[in-house]
Amino acid sequence: QVQLVESGGGLVQAGGSLRLSCAASGSIFSINVMGWYRQVPGKQRELVAHITSGGSTNYADSVKGRFTISRDNAKNTVYLQMNSLKPEDTAVYYCSADLRAWGTVGLSNYWGQGTQVTVSS
């Protein structure tokens, strides 16, 4: 069994910062890409940022220069540092990982349960 558990969400004023964490645990052989997505009611889930096992990153245009994704491969953990937050960043943030579990062949996609981020104006 593989689990992704997010933490670090909450309520913050516009211009403030939050740091999200997501730890993957269980029967993990290797992790390829880890990422953060967000979703607001009535809209599709959208990519915020992702990072490869080698450290290459990709960001949505809306968060470039404000958010930073990083990972600790030894801890199977990905982070999202969010600075200069805006009310439009309010959403449920989900962690995602493409990984290979022990006893399997190929990559499977796993998701966390989501953490609420609310930015007040």
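Here the structure is a predicted model, which is why all the values come from computation and not from measurement.

Peer 1: Teacher, can you tell me more about the packing of aromatic side chains here?
Peer 2: The geometry of an aromatic ring pair is captured by two quantities: the separation of the ring centres and the angle between the planes. Evaluation of the coordinates by the stated rule reveals two aromatic pairs. Summarising the aromatic geometry, the rings of Phe 29 and Trp 102 are spaced 4.7 Å apart at their centres and angled 90 degrees between planes, so their arrangement reads as edge-to-face. Of this pair, Phe 29 sits in strand E4 (residues 28-39) while Trp 102 sits in the loop between strand E9 (91-101) and strand E10 (108-111), and the two are 73 residues apart along the sequence. Assessed through its relative accessible area of 55%, Trp 102 is described here as exposed. Taking the centre distance of 5.0 Å and the plane angle of 65 degrees together, the rings of Tyr 37 and Trp 111 count as edge-to-face. Of this pair, Tyr 37 sits in strand E4 while Trp 111 sits in strand E10, and the two are 74 residues apart along the sequence.

Peer 1: Is there a simple way to explain the pattern of salt bridges in this structure?
Peer 2: Where charged atoms of side chains with opposite charge meet at close range, the side chains can pair. The final tally for this structure, using the stated rule, is four salt bridges. Across the pair Asp 61 and Lys 64 runs a salt bridge, and its minimum N-O distance is 3.1 Å. Residue classification places Asp 61 among the exposed positions, given a relative accessible area of 63%. Between Arg 66 and Asp 89 there is a salt bridge, with its nearest N and O atoms 2.8 Å apart. Of this pair, Arg 66 sits in the loop between strand E6 (57-59) and strand E7 (67-72) while Asp 89 is found in the loop between strand E8 (77-82) and E9, placing the two residues 23 residues apart along the sequence. Taken as a pair, Arg 66 and Asp 89 share a single burial class, namely buried.

So, how was this worked out
Note that residues are indexed from 1 along each chain, following the sequence as it is written. Residue-level local features of this predicted model are given only where pLDDT is at least 70; pairs of side-chain atoms are given and counted only at 80 or more, and the full residue set underlies all totals for whole chains, interfaces and linings. Side-chain numbers come from the whole structure's heavy atoms, not from hydrogens or water. Classification of ring pairs rests on two measures: the distance between centres of Phe, Tyr or Trp rings, Trp counted by its six-membered ring, which must be within 6.5 Å, and the angle between planes, read as stacked under 30 degrees, edge-to-face over 60 and tilted in between. A run of H or I in DSSP becomes a helix once it reaches four residues, and a run of E becomes a strand once it reaches two; helices and strands are each numbered from the N terminus. Burial status follows relative accessibility: with a 1.4 Å probe on protein chains alone, a residue under 20% of its type maximum counts as buried, one over 50% as exposed, and anything between as partly exposed. Here, a salt bridge means any Lys or Arg side-chain nitrogen found within 4 Å of an Asp or Glu carboxyl oxygen.

Keep in mind these numbers describe shape, not what the thing actually does.
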